[in-house]
Amino acid sequence: YPYRFYNILEDLYISPHDGSRCRPGPAQQNDDYNFFYKNDVILNWESSKNECATFCHPYTKFPGYVGFATERGSVDNRRNRCLCFFDSGKLPDPNPVNNGAASNTAGTAFGPVNYGSSSNRSADKCYPYRFY
């Protein structure tokens, strides 16, 4: 067999949903998971999915990790940021990764990601974690 390099995005995530907010389903379109986020992580929008997959990769070893999203634009001062999502109540505190990410624990969503939503659905993508 030919040697194949490990690909974080292809090996750990399933097909993306449109939107920067991962959701359990359409009925929960206004309910967030808990998440870590950081602005200005994405330097090149064409490679945004790979940049965010790499940024969120350290969180894959923690229970409750459900996936990540890319978020483009400057709406509400959200500038090309990555969001790393966890089931409600499972976000590690304090942040175990020294990456400068802030946390948001306002949401109550839990369970596998089956949907995405946001105001900029054409650009933003939500990537469900394959091994939830």
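These numbers come from a predicted model, not from an experiment. (Residues numbered from 1 in each chain as written. Predicted model: local features only at pLDDT ≥ 70, side-chain atom pairs only at ≥ 80, totals over all residues. Heavy atoms only, no water.)

A. Helix 2 (residues 48-56), seen in detail. For helix 2, the set of buried residues is S48, E51, C52, A53, F55 and C56. On the buried face of helix 2, the contacting elements are helix 1 (8-12), strand 3 (34-38), strand 4 (65-71) and strand 5 (81-86). (Buried < 20%, exposed > 50% of the residue type's maximum accessible area, 1.4 Å probe, protein only. Helix = DSSP H or I, 4+ residues; strand = E, 2+ residues; numbered from the N terminus. Contact = heavy atoms within 4.5 Å.)

B. Layout of the nonpolar core. Counting 23 residues, the largest nonpolar core has Y13, Y59, Y65 and F68 as its most contacted members. Every element with two or more residues in this core is listed here: helix 1, helix 2, strand 4 and strand 5. (Core = buried A, V, L, I, M, F, W, Y, C linked by side-chain atoms within 4.5 Å.)

C. Broad picture of the state of the cysteines. Counted according to the given criterion, the structure contains three disulfides. Paired through a disulfide, C22 and C126 show a sulfur-sulfur distance of 2.1 Å. With the S-S bond torsion at 120°, the cross-link from C22 to C126 turns out right-handed. With C22 in strand 2 (residues 21-23) and C126 in strand 8 (residues 125-128), this residue pair connects regions lying 104 residues apart in the sequence. One exposure class covers both C22 and C126, and it is buried. Each disulfide pairs two cysteine sulfurs, and for C56 the partner residue is C84, the sulfurs being separated by 2.0 Å. Measuring the twist about the S-S bond at about -80°, one finds the C56-C84 disulfide to be left-handed. (Disulfide = S-S within 2.5 Å.)

D. Structural context of the sheet that holds strand 8. Taking strand neighbours across the sheet as the criterion, the six strands line up as 1-8-4-5-3-6 in an open arrangement whose pairing is antiparallel. Every interior strand has two partners, whereas the edge strands, strand 1 (17-18) and strand 6 (102-104), have only one. One ladder, built from two bridges, connects strand 1 with strand 8; its direction is antiparallel. Considered in strand 8, the bridge of D18 is made with K125. (Pairing = 2+ DSSP bridges.)

E. Structural view of the pairing of strand 8. Pairing analysis gives four bridges linking strand 4 to strand 8, with the strands arranged antiparallel. When the bridges of strand 8 are listed, T70 appears paired with K125.

Purely geometric stuff here, so don't read any function into it on its own.
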